[in-house]
Amino acid sequence: MARPPKTLSEQIRAMARDWPAFEAVQFSPRHVTWCGPLTPLARPYMVTIDYTLVSGTARPEEPLAGIPLVRVLSPCLEQNWNVLEEAPLPHVYFDSADISRSALCLFDPAMGQWSPADLIAFTTIYWALDWLQCYEGWQATGRWFGGGRHAPRLEQAQS
Amino acid sequence: MNSRVLRYAPLPQALALAEDLLIRTAIRIELPPSLHELAVRRFEAVRTYIERDGSPLKDRVRIFYPQGSMAIRATIRSRKRSDGYDIDIVAELILDPRLTPAQILDLLFVAINGEPGSRYHGKVKRQSRCVTVEYDDDSRMHLDITPSLLIAHDDPRLSQIFHAKPEEPAHQHRRLIMNSNAFVEHVRAATPIDLEFRQRYAKEAKRYEERFLRIRADADVVPVPSHSTIEGGKSASIVALQLLKSNRNERYRSRKGVRMPPSVMLSRLVIDVARPGSSLLEALARSCQHIIDTLQAAEALGQCVDIRNPRCEHDRFTDRWPEDLRAQRIYIEDLLLLRQQLHVLTNGQLSLPEMRDLLAQMFGEGPAQSAIEDIAELHGLAIQRPAIAAPARISSIAAVPTSARISGGRAPSHSFYGTPWPGRPKR
């Protein structure tokens with residue numbers, strides 16, 4: 001039996017309890033943005049988490065609808081074309097308007113690793129820390145040690 | 001149990017990462033345990049060779065023993081010789097004390113070099129105080145064998161060694177008093193047993209050796225065991241000494257023809273301030289400061305520092321360095337820089353690439369990059385396989401989350417995803 005989705009209030013309460021350094025701004029009854037620091041290794045990063053509670057089933061034409069989207073505010077994510085793996089940025093949903101603000105790809109939607117029934121405070125935040133840690137490793141070595149996969153390219157998916 | 005054993009206290013996150021990186025860097029610059037065993041076998045082989053029939057030193061070797069870094073397990077890659085390892089050995093000989101310094105050094109050279117076509121012929125070099133045996137294999141090892149004569153039978157290993165630069169006139173050749181054996185005993189007695197640090201260091205050293213090192217020794221040596229955790233176990237002070245020596249080598253690498261501060265002086269000063277239960281960071285920072293203070297105190301008096309063997313007053317560790325106040329000032333500046341770099345390394349404001357660049361400046365590019373790659377890979381593995389503990393694990397600036405405590409500290413597993421890069425930008 002599917003677990004019921006967490007309400008926005010439940011998400012906000014859990015974040016305030018577990019990650020008090022994050023500030024929440026609720027723009028609408030169904031949307032919240034948190035902003036706060038994460039320190040994966042030594043240096044802190046300022047990140048935002050956008051989350052919109054959607055109703056109904058997932059829509060393939062909007063793959064990012066209803067999932068928490070983590071973006072790095074500062075220091076800006078740096079593109080690197082001269083790396084062995086994952087150029088120019090590893091495991092993000094590329095945002096063509098501003099690549100450095102691309103949302104981090106923290107879980108595989110095909111594997112059911114996250115649902116609105118999960119607390120962001122206990123999933124997304126830790127996964128963002130993991131991503132940032134691997135990102136620093138990628139910056140330092142040119143290799144992505146965190147594993148994962150990419151969505152197939154459009155032309156591959158259509159063939 | 002030694003009463004000086006203390007616990008190795010947990011460090012805050014930025015310090016823990018810096019400590020982790022320093023440990024991995026130190027492991028990459030030291031003589032690995034299996035090469036230590038190889039060195040022991042090699043110096044035993046050289047001793048046997050010196051005493052062969054027909055050798056001018058047959059029945060003339062009283063004892064062969066490691067000295068300096070080799071004896072206190074602090075051997076690191078040298079500044080010269082393509083970054084190989086210098087293994088320091090004393091050959092205590094039974095010879096007529098009226099022989100000149102040059103005669104004694106030449107005798108040892110002839111005994112090891114042997115006839116054309118013999119085992120070491122052509123691989124031996126006469127230095128001003130020792131004879132060097134080179135090995136042209138992957139071990140990149142050199143044995144520096146210093147001949148000595150025992151002075152007093154009632155004071156074991158109180159000896160003479162000899163200085164005779166071939167190009168210098170004989171009146172400049174000289175005899176020096178030394179007791180390296182007593183100094184090694186002093187170091188061992190004064191070095192605290194940092195049990196937890198020692199276990200952690202040994203574990204990492206073993207892992208590194210098993211994973212990365214493939215030593216191909218020459219045929220005259222029996223294959224060595226891959227590792228002994230006992231050989232890999234060291235106190236934080238000894239590892240700090242390795243890092244100080246590596247930093248010194250790095251600073252002096254480009255200073256051609258300039259004599260470096262001697263390792264034995266650094267050993268003495270590091271041991272002077274060894275404390276039990278230290279982290280590597282603490283031991284390194286404390287040692288660095290003590291050396292700065294010692295050199296600056298001499299400088300303030302307008303003098304060159306004078307450091308001696310605490311067990312043998314005539315054994316002067318600083319007889320060849322510093323040559324003058326300027327040489328002393330150069331190293332003071334180096335240590336002030338190191339102190340500043342340590343501060344930056346631990347201030348919690350550096351990314352991993354920045355830490356790599358800083359470590360490369362401090363201890364060399366190769367060890368720094370390798371240590372960083374190791375950390376990055378281990379973190380990645382810990383994410384992919386949560387049963388593996390990550391080094392220097394991770395939290396937010398915020399307090400440890402309640403939910404993390406309740407759940408035992410692990411979020412659900414996940415795997416990264418993402419869209420492929422849609423295309424290279426137009427140039």
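Check the entry above for the structure.
Residues numbered from 1 in each chain as written. Chains lettered and ligands numbered in written order. Predicted model: local features only at pLDDT ≥ 70, side-chain atom pairs only at ≥ 80, totals over all residues.

Draft legend 1. Examining the overall build of chain B more closely. Helix and strand content of chain B: 14 helices and nine strands. Across the 427 residues of chain B, 43% fall into the buried class. (Helix = DSSP H or I, 4+ residues; strand = E, 2+ residues; numbered from the N terminus. Buried ≥ 20, exposed ≤ 12 C-beta atoms within 10 Å, placed from the backbone.)

Draft legend 2. Up close: the overall build of chain A. A tally of helices and strands in chain A yields three helices and six strands. Ordered by position from the N terminus, the helices and strands of chain A form the series α-β-β-β-β-β-β-α-α. For chain A, buried positions account for 39% of its 159 residues. Sequence separation of at least 24 residues holds for 47% of the intrachain contacts in chain A that already meet a minimum separation of 6. (Contact = placed C-beta atoms within 7 Å.)

Draft legend 3. Examining helix H12 (residues 352-363) of chain B more closely. Between its first and last C-alpha atoms H12 of chain B spans 16 Å; for twelve residues at 1.5 Å apiece the expected length is 16 Å, and the two agree. By the burial criterion, the buried members of H12 of chain B are Leu352, Met355, Arg356, Leu359, Met362 and Phe363 of chain B. End-on, the buried residues of H12 of chain B take up no more than an arc of 125°, which puts them together on one face. Buried residues in H12 of chain B make contact with helix H2 (124-141) of chain A together with helix H1 (13-29), helix H8 (236-252), helix H11 (325-345) and helix H13 (365-384) of chain B. Looking one or two places after H12 of chain B, you find glycine 364 of chain B, whose phi comes out positive at around 105°. (Expected span 1.5 Å × (residues − 1). Arc of directions from axis to C-beta.)

Draft legend 4. Examining the pairing of strand S4 (residues 131-134) of chain B more closely. Residue and element names in this part refer to chain B. Burial along S4 is one-sided: the residues Val131 and Val133 are buried and none of Thr132 and Glu134 is. As judged from the three bridges shared by strand S3 (residues 124-126) and S4, these two strands associate in the antiparallel manner. When the sheet's bridge partners are listed, lysine 125 is paired in S4 with threonine 132. Between S3 and S4, which follow one another and run antiparallel, lie four residues. (Pairing = 2+ DSSP bridges.)

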